[in-house]
Amino acid sequence: MAPMESSRGSALVMAIFVLALVAGIGIALLFLTHNEMKMSRASVDIKQAFYIAEAGIEDGRRTLFDNNGSGGFADDLLAAAGPDGRIDLDAGALRPQYDGAGRLTGFTGAGDDVPLRGITAVGEGFYAAFLSNDPLELAGRSDLVDTNDRVMVTAVGVIPGGAMEIAEAILEPQPILPVLPPAALTLWGEAPHFESGTSSTSEMVGNDCVGGGNVPIVGAMSDAAEAAVELGYYKEDKKDGNDNGPELHSGGFALDDQENTFANLTDDTEPTLAGNGPIDPAWLDCPNVKALAEKFRSRADYFCDNPDGCAPPPAGFVYEPDSVVFIDGDVSISATDSGTGVLVVTGHLDFHGGASWNGLILVVGEGSMLRSGGGSGLIAGAVYVADVAGPDGSYGNDDDCTGTPDGFGESSYVVNGGGNANIAYCSSLTDLANAPETYDVAEFLQH
């Protein structure tokens, strides 16, 4: 064979080899690209399924709150348990079920439990939400007895193609106000004006009405403020040389034991604060205290802002344990105006001795409350008095919370007149008045 012909044959073999190599690389790249697309799609599908499960958590949380509000969870858990009266949910065993046409029909792993939210379409996918108890309960998630006001919502999200994700959230009621100051009467400011009156037939009580413990009768925000409160009591009690002021009761501390029945709520060494305090820091910031009281404005069942003075709710007004009466100004409450729920007053509150209230009274604004006249009215719950109106004494303008040293002015609580009108701490009534505004997600878990 001629040398030229041999050279041509070698070139042809080399060209075929190169073409085969290039084709192989191309096929490999196509395979890798296909796999990358599949992996990317799988990742997108998983994320989408998770977001759908999150939507199920939110829907379940909203549904539970709409159904239950401030009530306990016992009836909700019983309803979730289904016909066999037992919560069967096993989050790890949840799997989608489809019919012959590929339509989602339900989930395994929940037994006969009744979903909090049944199969619900969202975008290209679906979710369902189930209710069980908090895992920390004695019998765990299947326990139908709720002892800590916490439950678990489990949501499963699926999309076409089979991607599935499970999310869980422990829910607990989130009241309108943070943990309330632990006292029957709380006065803000460095020099609160406190006069307890001289009627020996009246009482100021820190014993909890539900028997769950005791709190100080009057709480202040510093040692100096506590001393001012004590001085106000001594002044009234010793006015005529006799011990004839109102009786004080707070657990084992009673009668003339003012050092323990009055307390600095920022000092957790105070005897009557054991197990109760000290105060939540949210209540020590003046703008925040104002904002907390203002939260009730938009929720008011009765509202008045007459600059010439407001009338209380009319005779036909129906009170509920969480009713809100918001008075943006001054008001006088008589025996016929006794009520229940939350009373917010931004001006001066004249609360007659014959009037009663069950729940919360917040005199937050000008911070002035007078308990006037005789009578046998009872304030059961808690009273909070804070002057946040600033140096000009007018609530609702730019100098609010600009007083020194902490933004609060001199709050005032004065009892004037005889009779046996009482004030008593009652946590069950404050809890009812301070109803949840939502359920907070205490813990979140993704499977």
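Here, residues in each chain are numbered from 1, in the same order as that chain's written sequence. Local features are withheld for residues below a pLDDT of 70 in this predicted model, meaning they are given only at 70 or higher, and side-chain atom pairs are given and counted only at 80 or more; totals for whole chains, interfaces and linings count all residues. Excluded from the side-chain calculations are hydrogens and water; all other atoms, namely the structure's heavy atoms, are used.

Trainee: Teacher, can you tell me more about unusual backbone geometry here?
Mentor: What you tend to see is this: most non-glycine residues have negative phi, and most peptide bonds are trans. Geometrically, the link from Thr404 to Pro405 is a cis peptide bond, its omega value of 0 degrees lying close to zero. Here Pro405 is to be found in the loop between β21 (378-387) and β22 (412-416). One non-glycine residue, Asp149, adopts positive backbone phi at about 55 degrees. Put simply, DSSP H or I for four residues or longer makes a helix, DSSP E for two residues or longer makes a strand, and each gets a number counted from the N terminus. With respect to the secondary-structure elements, Asp149 resides in the loop between β4 (125-133) and β5 (151-158). Burial classes: relative accessible area under 20% of the type maximum marks a residue as buried, over 50% as exposed, and values in between as partly exposed (1.4 Å probe, protein chains only). The exposure class assigned to Asp149 is partly exposed, which follows from its relative accessible area of 42%.

Trainee: Can you walk me through the sheet that holds β4 in this structure?
Mentor: If you walk across this open sheet you meet the five strands as β3-β4-β5-β6-β24, and the pairing is antiparallel. Looking at the sheet topology across the chains shown, the edges are occupied by β3 (117-122) and β24 (436-446). The average undirected angle you get between the axes of adjacent strands in this sheet is 30 degrees. One bridge is not enough; two strands pair if DSSP finds at least two bridges between them. As judged from the four bridges shared by β3 and β4, these two strands associate in the antiparallel manner. Residue pairing in the sheet places Arg117 in a bridge with Ala129 of β4. To get an axis, a line is fitted to the C-alpha atoms, and for a helix only the part in contact is used. The angle between two axes follows their N-to-C directions and goes from 0 to 180 degrees.

Trainee: Just checking my understanding: could you explain the state of the cysteines for this structure?
Mentor: By definition, a disulfide links the sulfur atoms of two cysteine residues through a covalent bond. The disulfide definition used here is simple: a pair of cysteine sulfur atoms within 2.5 Å. All told, the structure shown has three disulfides when counted by the stated rule. A disulfide bridge connects Cys304 with Cys310, and the sulfur atoms are separated by 2.1 Å. With the S-S bond torsion at -95 degrees, the cross-link from Cys304 to Cys310 turns out left-handed. For the protein chain, the bonded cysteines connect in the pattern 1-6, 2-5, 3-4 when numbered consecutively along the sequence.

Trainee: Even after reading the chapter, I still don't get the nonpolar core, so can you show me in this structure?
Mentor: Generally speaking, a soluble globular protein has its nonpolar side chains buried in company with each other. Nonpolar cores were defined as sets of buried Ala, Val, Leu, Ile, Met, Phe, Trp, Tyr and Cys residues, with membership established by side-chain atoms within 4.5 Å. Core analysis: the largest hydrophobic core is formed by 34 residues, its most contacted members being Leu185, Phe194 and Leu349. Setting aside residues no more than four positions away along its own chain, Leu185 makes contact with Phe194, Met204, Ile217, Val218, Gly219, Val383, Val385, Tyr413 and Ile423. Here, two residues are considered to be in contact whenever any of their heavy atoms come within 4.5 Å of each other.

Trainee: Looking at this structure, I do not really get the environment of Gln97. What am I missing?
Mentor: Note on placement: Gln97 falls in strand β1 (residues 95-98). Owing to a relative accessible area of 37%, Gln97 belongs among the partly exposed residues under this scheme. A C-alpha to C-alpha distance of 5.4 Å links Gln97 and Phe107, two positions ten residues apart in sequence. Ignoring anything within four residues of it in the chain, the contact list for Gln97 reads Arg103, Leu104, Thr105, Gly106, Phe107 and Thr108.

Trainee: Sorry, what's going on with the sheet that holds β22 here?
Mentor: Strand pairing within a sheet occurs via backbone hydrogen bonds; the two strands may be parallel or antiparallel. Taken in spatial order, the five strands of this open sheet run β8-β22-β20-β18-β16, and their pairing is parallel. Two strands bound the open sheet, and with one partner strand each, they are β8 (193-195) and β16 (331-333). Across the sheet, the axes of successive neighbouring strands diverge by a mean angle of 15 degrees, strand direction being ignored. Relative to β22, β8 runs parallel, the two being bridged by three bridges. Pairing of His193 across the sheet is with Ser412, part of β22.

Trainee: Where do I start with the pattern of salt bridges in this structure?
Mentor: Side chains that differ in sign of charge can pair as their charged atoms come close. We define a salt bridge as a contact between a side-chain nitrogen of Lys or Arg and a carboxyl oxygen of Asp or Glu at a distance within 4 Å. Under the definition given, this model contains 15 salt bridges. The salt bridge involving Arg150 is made with Glu172; its shortest N-O contact spans 3.4 Å. A residue pair is termed long-range when its members are at least 10 positions apart, and Arg150 in the loop between β4 and β5 and Glu172 in strand β6 (residues 164-175) qualify at 22 residues. The exposure class assigned to Arg150 is buried, which follows from its relative accessible area of 13%. Each of Asp134, Arg150, Glu172 and Glu443 takes part in a single network of salt bridges with overlapping partners.

Trainee: Would you explain the pairing of strand β17 (residues 339-345) in this entry?
Mentor: The side chains of a regular strand alternate, first on one face of the sheet and then on the other. Of all the seven residues making up β17, six are buried; the element is thus mostly covered by neighbouring parts of the structure. The pairing of strand β15 (residues 324-327) with β17 spans four bridges and is classified as parallel. Residue Val325 lies in a different strand from β17, and its bridge partner there is Leu343. Note that β17 and strand β19 (residues 357-365) share seven bridges and pair parallel. Residue pairing for β19: Gly339 is matched across the bridge by Trp357.

Trainee: Any chance you could explain a nonpolar patch on the surface here in plain terms?
Mentor: Surface patches are drawn from residues lacking salt bridges whose relative accessible area is over 30%; two like charges belong together within 9 Å, two nonpolar side chains (Val, Leu, Ile, Met, Phe, Trp, Tyr) within 5 Å. The protein chains shown are the only cover counted for residues, whose accessible areas, like all others here, come from Shrake-Rupley with a 1.4 Å probe. Where nonpolar side chains cluster on the molecular surface, the patch consists of Met14, Phe17, Leu21, Ile25 and Leu29 and spans about 520 Å² of accessible area. Along the chain, Met14 turns up in helix α1 (residues 3-68).

Trainee: Hey, could you run me through the side chain of Glu168 in this one?
Mentor: Counting through the fold element by element, Glu168 comes out in strand β6. With relative accessibility at 2%, the residue Glu168 sits in the buried group. A distance of 2.5 Å separates a polar atom in the side chain of Glu168 from a polar atom in the side chain of Thr154. With sequence-adjacent residues up to four places away left out, Glu168 is seen in contact with Ile57, Ala91, Arg141, Met152, Val153, Thr154, Glu443, Phe444, Leu445 and His447. Throughout this description, a polar contact denotes any pair of N or O atoms lying within 3.5 Å of each other; where both atoms belong to protein, one of them has to be capable of donating a hydrogen while the other can accept it, and for residues adjacent in sequence the pair is counted only when both atoms sit in side chains.

Trainee: Explain the packing of aromatic side chains to me, please; I cannot follow it from the model alone.
Mentor: Each aromatic ring pair is characterised by the separation of its centres together with the angle its planes make. In this analysis, rings of Phe, Tyr and Trp, with Trp reduced to its six-membered ring, are considered paired at centre separations within 6.5 Å, and the interplanar angle assigns stacked below 30 degrees, edge-to-face beyond 60, and tilted for intermediate values. Taken as a whole, this structure holds 15 aromatic pairs when the rule is applied. Taking the centre distance of 6.1 Å and the plane angle of 45 degrees together, the rings of Trp188 and Trp283 count as tilted. In this pair, Trp188 sits in the loop between β7 (185-187) and β8 while Trp283 sits in the loop between β13 (262-264) and α5 (286-294), placing the two residues 95 residues apart along the sequence. A single burial state applies to Trp188 and to Trp283, both of which are buried.

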